[in-house]
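# Coordinates in review
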Amino acid sequence: MLTVRIIPCLDVRDGRVVKGVKFQGLRDAGDPAEQAALYEGQGADEITLLDVSATPEGRGAALETVARVREQLSVPLTVGGGVRGVGDAQALLSAGADKVGINTAAVENPELIVEMAERFGSQCTVLAIDAWKDDTGRFEVITHSGKKRTGIDAIEWARRAAILGAGEILLTSWDRDGTKSGYDLDLISRIAAAVEVPIIASGGAADASHMADAVKAGASAVLAASIFHYGEYTVARLKDELSGMGIEVRR
Amino acid sequence: MSQRRVVVVRTGTANLASVLAALKRLGAVARLTEERSDVERSDLLVLPGVGTLAAAMRKLSDDGLVLPLRERIARGKATLAICLGMQMLLEGSEESEGVEGLGALPGFAERFPEGLRVPQLGWNSIEADAGAKVLGTGYAYFANSYRLVDAPSGWTVAMADYGGKFVAGIEKGSVVACQFHPELSGAFGLDIIRRWMESC
């Protein structure tokens with residue numbers, strides 16, 4: 001049986017983990033390769049690395065980071081953040097990413113999804129959608145790290161992206177992100193009904209019950225950052241709790 | 001184990017970095033190749049693959065590797081085919097109709113049935129036949145939309161279930177094919193690659 005994936009997410013800027021916090025047994029809390037290896041050791045099913053660098057130098061550092069993480073890691077690595085075209089994706093894959101996430105560039109040029117899927121396969125093409133619920137209750141796609149509203153309906157965008165070739169949707173609820181109030185289950189269930197590709201739920205997780213709820217709403221995987229980084233949960237403990245709730249996980 | 005030398009066939013856009021990194025972690029010396037002589041002579045050969053069967057077969061054909069690979073597998077020389085690499089060993093796939101695979105294994109890959117999340121992305125449990133020397137029983141990482149349903153006779157198999165049973169891996173001597181990614185399947189996957197390297 002296919003298990004639910006638990007995916008710790010590392011935000012990396014200029015080659016260093018942002019919000020990195022000290023762990024036991026970690027020499028350097030800001031080192032992405034060490035932190036990724038630690039999570040793998042705890043049972044992480046996959047690692048997502050989000051490059052939040054704002055400069056070309058930072059982007060160069062990200063490639064080196066991906067290569068160093070790859071050397072250590074024996075589980076899948078998804079990398080996203082600032083991917084503008086097929087060339088950026090190729091560079092990340094060559095450095096050691098297994099999947100590449102695209103977001104703003106795909107909204108601006110949906111053809112990028114087609115190009116990525118044709119060149120690397122759908123299973124490598126992850127569409128990241130940042131969405132928020134507007135005053136009317138509609139889910140709207142936002143881009144540029146939440147700075148720009150697009151007017152695009154998130155459900156429609158997910159449906160279209162899957163047709164164009166996206167093999168997975170990394171779905172972040174922008175109004176839940178960082179709130180610890182749980183994933184946006186309405187958003188997850190509506191997108192899960194609209195597409196057949198797997199959905200990774202992101203934004204708002206504080207505990208195992210939030211994750212179990214996301215899975216029941218239709219998510220195939222759950223992503224979280226702060227609960228792991230701040231040591232509130234190890235991946236292993238999270239999996240124990242999820243298993244106790246009847247969610248199938250790899251242990 | 002003495003240091004093993006492994007060649008990895010460059011099958012177009014396959015993500016080779018993870019395969020190379022896994023081999024390196026196991027202490028092997030790995031290099032990429034598109035050369036016929038490597039396919040014919042090297043002791044250990046990995047046939048990786050992601051993307052479509054049509055694109056991968058075209059690349060092999062352009063490089064003149066189709067016949068050497070067929071012969072290599074027929075002779076039972078140590079070969080590890082991964083993901084699309086396994087589907088390349090078949091006669092063909094629903095994904096690329098009209099495109100001939102290597103035909104080293106009987107059968108065609110078919111798309112997963114309706115009503116499932118496709119691609120299958122994630123860790124699924126696989127169960128190997130008792131006689132398996134390389135494959136094992138545990139959790140493996142999959143990233144596929146097509147799969148082989150019926151195990152070919154004469155091969156030792158590992159099966160998994162996603163909307164019904166499918167072939168997760170097969171082996172005969174030192175020829176091993178995995179629908180999953182052993183290079184991304186943690187310690188379980190690394191053990192499979194290690195046993196494969198030690199199988200000859």
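About the cut-offs
Sequence order sets the numbering: in each chain, residues are counted from 1 along the sequence as written. The lettering of chains begins at A and the numbering of ligands begins at 1, in the order of writing. Local features in a predicted model are, by the rule used here, given only for residues with pLDDT of at least 70; side-chain atom pairs are given and counted only at 80 or more, and totals for whole chains, interfaces and linings are based on all residues. Comment: elements are numbered from the N terminus, with helices defined as DSSP H or I runs of at least four residues and strands as E runs of at least two. Our exposure labels follow a C-beta count within 10 Å of each residue's own C-beta, placed from the backbone: buried means 20 or more other C-beta atoms, exposed means 12 or fewer, and partly exposed covers the counts in between. Any two residues are considered in contact once their C-beta atoms, placed from the backbone, lie within 7 Å. Side-chain classes follow a simple rule in which Ala, Val, Leu, Ile, Met, Phe, Trp, Tyr, Cys and Pro form the nonpolar group, Asp, Glu, Lys and Arg form the charged group, and the remainder, Gly included, forms the polar group. One bridge is not enough; two strands pair if DSSP finds at least two bridges between them. To get an axis, fit a line to the C-alpha atoms, keeping to the stretch in contact for a helix; angles then go from 0 to 180 degrees between the N-to-C directions. For classification, angles of less than 35 degrees are called roughly parallel, those exceeding 145 degrees roughly antiparallel, those between 65 and 115 degrees roughly perpendicular, and all remaining angles oblique. Should the near helix be turned anticlockwise from the far one by less than a right angle, the crossing is termed left-handed; should it be turned clockwise, right-handed.

### Brief notes about the overall build of chain A
Looking only at helices and strands, chain A features 10 helices and 11 strands. When burial is assessed residue by residue, chain A has 53% of its 251 residues classed as buried. Partitioning the contacts of chain A with sequence separation of at least 6, the portion at a separation of at least 24 is 63%.

### Structural notes on the interface of chain A and chain B
Tallying the contact residues gives 29 residues for chain A and 29 residues for chain B. Within the residue set of the side of chain A that touches chain B, elements represented by two or more residues are α2 (56-72), α3 (86-95) and α5 (111-120) of chain A. The class makeup of the residues in the side of chain A that touches chain B is 11 nonpolar, nine polar and nine charged.

### Some remarks on the pairing of strand β3 (residues 44-47) of chain B
Residues and elements named next belong to chain B. Neither face of β3 is exposed, since L44 and V46 on one face and L45 and L47 on the opposite face are all buried. Two strands pair when backbone bridges link them, and β3 and strand β4 (residues 79-82) are joined in this way by three bridges, in the parallel orientation. Pairing of L45 across the sheet is with T79, part of β4.

### Focus: helix α1 (residues 16-25) of chain B
All names here are of chain B. Among the 10 residues in α1, eight count as buried, and that is most of the element. Along α1, the positions that sit buried rather than exposed are L16, A17, S18, V19, L20, A21, A22 and L23. At the exit of α1 stands G27, carrying a positive phi of roughly 85 degrees.

### Comments concerning the packing of α3(A) against α5(A)
All names here are of chain A. One way to put it is that α3 packs onto α5 with a least axis distance of 10 Å and a crossing angle of 40 degrees. Classed by the angle they form, the pair α3 and α5 counts as oblique. Note that α3 runs across α5; the crossing there is right-handed. Residue-level inspection shows V86, A89 and L93 of α3 in contact with α5, the latter providing E115, M116, R119 and F120.

### A few points about the sheet that holds β4(B)
Residue and element names in this part refer to chain B. Read across the open sheet, the nine strands follow the order β2-β1-β3-β4-β12-β11-β10-β7-β8; overall the sheet is mixed. A single partner strand is all that each edge strand has here, and the edge strands are β2 (29-33) and β8 (138-144). For this sheet, the mean inter-axis angle between neighbouring strands, taken without regard to orientation, is 25 degrees. Summarising the sheet, strand β1 (residues 5-9) and β2 pair through five bridges and their orientation is parallel. Opposite V6, over in β2, you have A30 as the bridge partner. Set on the sheet, helix α6 (residues 186-198) makes contact with β3, β4, β8 and β12 (175-178); between it and β8 the angle comes to about 90 degrees.

Read these as spatial facts, not as claims about activity.
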